[in-house]
Amino acid sequence: MNKPNSAYREEAKKGLASPRLQTSLHNLQDRFGKGAMALWANMEDKDMRKRVKKSRLKNLEHLDILLAELAQNVRARGGKVYFAETAQDAIDYTLEVARKNNVKRLVKGKSMTSMEIAIDPALEDAGIEVVETDLGEYIIQLAGDKPSHIIAPCIHMDRNQIGELFAEKLGIDFTNDPPALTLAARKALREKLLSADMGLTGCNLACAETGHISLVSNEGNIRMSTTMPKVHVALMGMERIVATLEEHRETIQLLTRGAALQKLSTYVSFIGGPSSADDPDGPKEFHLVIIDNGRSKILADPEFREVLACIRCGACLNICPVYGRIGGHAYNSPYCGPIGAVITPLLDGINKHADLCKGETLCGACKDICPVQIDLPRMLAALRHKLAYGSDRWNTRQHNPVEAYGFILWRLIITKSFLYRPLLKIGRFFQRPFVSKNKMIRKMVGIGSGWTDGRNLPPIAKRTFTELWEEKYSKNRPAQPPVTKEEN
């Protein structure tokens, strides 16, 4: 999140210019986007999505009580719970746990929260080897790259690139055969897992009633990351909690269906503390780090609280027309797509990430596909309002005062016919040098150049609709007889 805001446009152009990425994104959205919409349309339990959303919003209203209950139940089972107000607090606590246990190698399960707080560089600076064990994340780590999808982090790479990468980094002969590449990664990762001192994971959901966190995966790596090392630290965004086991069941079902069209993931793990004395499997220490990092501010704002109901399935990416063209790198955030365009500005600065919320189309597809029907378009519009007028609550200044004054002027012109009509004629005259042979404006200058960088514009018509209407019908319009006093 430290790169300048202008990276959005630069990375978007790169994404649009990549045939490989365009093909991958089209295939992804064609399969998972259409598949999820068909799944929701044919669900037997038509009310499940509404029911889960209602419970998610209700739990946010009682978040303090639920978190206290969760912490009490985890501690009763021998686990340790730490509430981190900031990202640095979470990093410092994790580093302290690692130091006390003389950790040299740490294996990770897939965790968006760990990327949000940028814990990997801090661990590596402390001399700890960090190994991603999710296959997609492992590929990204070997490549020194960034994830471009919440669920499919290396969607921007093809098997030939991965084959070349494995040949270079793992010392195997080049192959682009997916099973062979998977076996090579499995062998390399198994060695790391067997010798790891500590496991670090995220948290898909936590259940206050039982005092457990749950983790879902299709590869089995998370189970090895949480049971083989002697220490397990789980990073949890404080909103990732449900009240009861029944709520947990329904929410997990929606999560796996929205993410990968699965009724349930291959592995669902429940963890709530260290292993018992007579259990050979499991960690000797379990630490749950519950992270705020700006979530309390979102929770306190009724306009944006709904975004905390997100279950991080990535479904909105699989249908978004913007993400489907530019890919995930343009968002410059662990959270990309429509959800990233809302949550990233709220967590990391609305002005800093203005391009994200201004870059979406507001078409509403993300709301339609969301398992819990979060109204992301409404919140994107609200963020744009903050950028247009500023907000003391969110420490947001006007993003572009010149643009704001431009729209004020435009409103004045289009609401005053005595200004609008003469200016149309002036515009027709000055556009002539820019109209090409195909009768389109291909290139504008100055402030208008942004409109033609990626598209052609139709010129101002020679005659307005009103002029055409009057020309066609005014001559043939029958004269109206005068109204007499008797008719009045």
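Residues numbered from 1 in each chain as written. Predicted model: local features only at pLDDT ≥ 70, side-chain atom pairs only at ≥ 80, totals over all residues. Heavy atoms only, no water.

Trainee: Tell me about the overall build of the protein chain, residues and numbers included.
Mentor: Summing up its helical and strand segments, the protein chain has 22 helices and ten strands in all. Each principal axis of the C-alpha distribution contributes one length, and for the protein chain these read about 105 × 60 × 45 Å. Approximately 25200 Å² of the protein chain is accessible, and the part contributed by carbon and sulfur atoms is 55%. Measuring between centres, the 68 positive side-chain charges of the protein chain sit 9 Å from its 56 negative side-chain charges. (Helix = DSSP H or I, 4+ residues; strand = E, 2+ residues; numbered from the N terminus. Areas by Shrake-Rupley, 256 points an atom, 1.4 Å probe, with all protein chains shown as cover. Lys, Arg positive; Asp, Glu negative; His and termini not counted. Charge placed at Lys NZ, Arg CZ, Asp CG, Glu CD.)

Trainee: Residues and numbers for the packing of aromatic side chains, please.
Mentor: Counted under the stated rule, the structure contains seven aromatic pairs. Taking 4.4 Å as the distance between ring centres and 5° as the angle between the ring planes, the aromatic pair formed by Tyr 82 and Tyr 93 counts as stacked. Of the two residues, Tyr 82 sits in strand E1 (residues 80-84) while Tyr 93 sits in helix H5 (residues 87-100), which places them eleven residues apart along the sequence. Owing to a relative accessible area of 26%, Tyr 82 belongs among the partly exposed residues under this scheme. Among the aromatic side chains, those forming a connected cluster through ring pairs are Tyr 8, Tyr 323 and Tyr 331. For Arg 312, the ring lying beneath its charged end belongs to Tyr 335, and the centroid distance is 4.8 Å. (Phe/Tyr/Trp six-rings, centres within 6.5 Å; stacked < 30°, edge-to-face > 60°. Buried < 20%, exposed > 50% of the residue type's maximum accessible area, 1.4 Å probe, protein only. Lys NZ or Arg CZ within 6 Å of the ring centre and 35° of its normal.)

Trainee: Before we move on, could you go through the packing of helix H3 (residues 48-61) against helix H12 (residues 245-260) and cite the residues and values that matter?
Mentor: Two elements in contact, H3 and H12, have axes whose closest approach is 10 Å; the angle formed by their N-to-C orientations is 120°. One element, H3, and the other, H12, form an angle in the oblique class. Remark: the crossing between H3 and H12 carries left-handed chirality. Listed contacts from H12 to Met 48, Arg 49, Arg 51, Val 52, Ser 55, Arg 56 and Asn 59 of H3 are Glu 247, Glu 250, Thr 251, Gln 253 and Leu 254. (Axes fitted to C-alpha atoms, helices over the stretch in contact; angles between N-to-C directions. Parallel < 35°, antiparallel > 145°, perpendicular 65-115°, else oblique. Left-handed = near helix turned anticlockwise from the far one by under 90°. Contact = heavy atoms within 4.5 Å.)

Trainee: With reference to specific residues and values, describe the nonpolar core.
Mentor: Grouped together as the largest cluster of nonpolar side chains are 88 residues, with contacts concentrated most on Leu 288 and Val 307. When sequence neighbours within four positions are dropped, the list of residues in contact with Leu 288 reads Leu 70, Val 74, Lys 80, Val 81, Tyr 82, Ile 213, Ala 234 and Met 236. Counting 23 residues, the second-largest nonpolar core is a separate cluster that includes Ala 90, Val 103, Met 198 and Leu 235. (Core = buried A, V, L, I, M, F, W, Y, C linked by side-chain atoms within 4.5 Å.)

Trainee: So what about the side chain of Thr 251? Which residues, and what values?
Mentor: Summarising the element assignment, Thr 251 is placed in helix H12. Residue Thr 251 is classed as buried on the basis of its relative accessible area of 1%. Residue contacts for Thr 251: discarding those within four places in its chain leaves Val 52, Arg 56, Leu 205, Val 242 and Ile 311.

Trainee: Which residues make up the sheet that holds strand E7 (residues 231-237), and what values go with them?
Mentor: The strand order across the open sheet formed by six strands is E1-E10-E7-E4-E2-E3, and the pairing between neighbours is parallel. Every other strand in the sheet has two partners, leaving E1 and strand E3 (129-132) as the edge strands with one partner each. The sheet shows a mean angle of 20° between the axes of neighbouring strands, taken without regard to direction. Note: strand E2 (residues 105-108) against strand E4 (residues 198-201), three bridges, orientation parallel. (Pairing = 2+ DSSP bridges.)

Trainee: Residues and numbers for the environment of Phe 32, please.
Mentor: Topologically, Phe 32 is positioned in helix H2 (residues 19-41). The buried category is assigned to Phe 32, whose relative accessible area is 16%. Sequence separation between Phe 32 and Gly 340 is 308 residues; the distance between their C-alpha atoms is 19 Å. Those residues in contact with Phe 32 that lie beyond four places of it in its chain are Ala 259, Ala 260, Leu 261 and Asn 318.

Trainee: Lay out helix H8 (residues 135-143) in plain terms, naming residues and giving numbers.
Mentor: Within the span of H8, buried status applies to Gly 136, Glu 137, Tyr 138, Ile 139, Ile 140 and Leu 142. You can read the cap of H8 off the contacts: a side-chain oxygen lies 3.1 Å from the backbone nitrogen of Gly 136, and it is on Asp 134. Positive phi appears at Gly 144, one or two residues downstream of H8, with a value of about 65°. (Polar contact = N/O pair within 3.5 Å; in protein donor to acceptor, adjacent residues only side chain to side chain.)

Trainee: Report on the side chain of Gln 253, specifying residues and quantitative values.
Mentor: Among the secondary structure elements, Gln 253 is positioned in helix H12. Since its relative accessible area comes to 17%, Gln 253 is described here as buried.

Trainee: So what about the pattern of salt bridges? Which residues, and what values?
Mentor: Under the defined criterion, the tally for this structure stands at 27 salt bridges. Its salt-bridge partner being Arg 312, residue Glu 239 comes within 3.6 Å of it at the nearest N-O pair. Within this pair, whereas Glu 239 is found in the loop between E7 and strand E8 (241-242), its partner Arg 312 is found in the loop between helix H13 (295-299) and helix H14 (323-326), the two being separated by 73 residues in sequence. No difference in accessibility class separates Glu 239 from Arg 312, as the two residues are buried. For the salt bridge of Glu 303 with Lys 386, the shortest nitrogen-to-oxygen distance reads 2.7 Å. One end of the pair, Glu 303, is in the loop between H13 and H14; the other, Lys 386, is in helix H18 (residues 376-389), with 83 residues separating them in the sequence. (Salt bridge = Lys/Arg side-chain N within 4 Å of Asp/Glu carboxyl O.)

Trainee: I'd like a description of the packing of helix H9 (residues 159-169) against helix H10 (residues 178-194), backed by residues and values.
Mentor: Viewed as axis vectors pointing N to C, H9 and H10 meet at an angle of 35°, and their least axial separation amounts to 11 Å. Regarding H9 and H10, the two cross each other, and that crossing is left-handed. Contacts from Arg 159, Ile 162, Gly 163 and Phe 166 of H9 reach H10 at Pro 178, Leu 181, Ala 184 and Ala 185.

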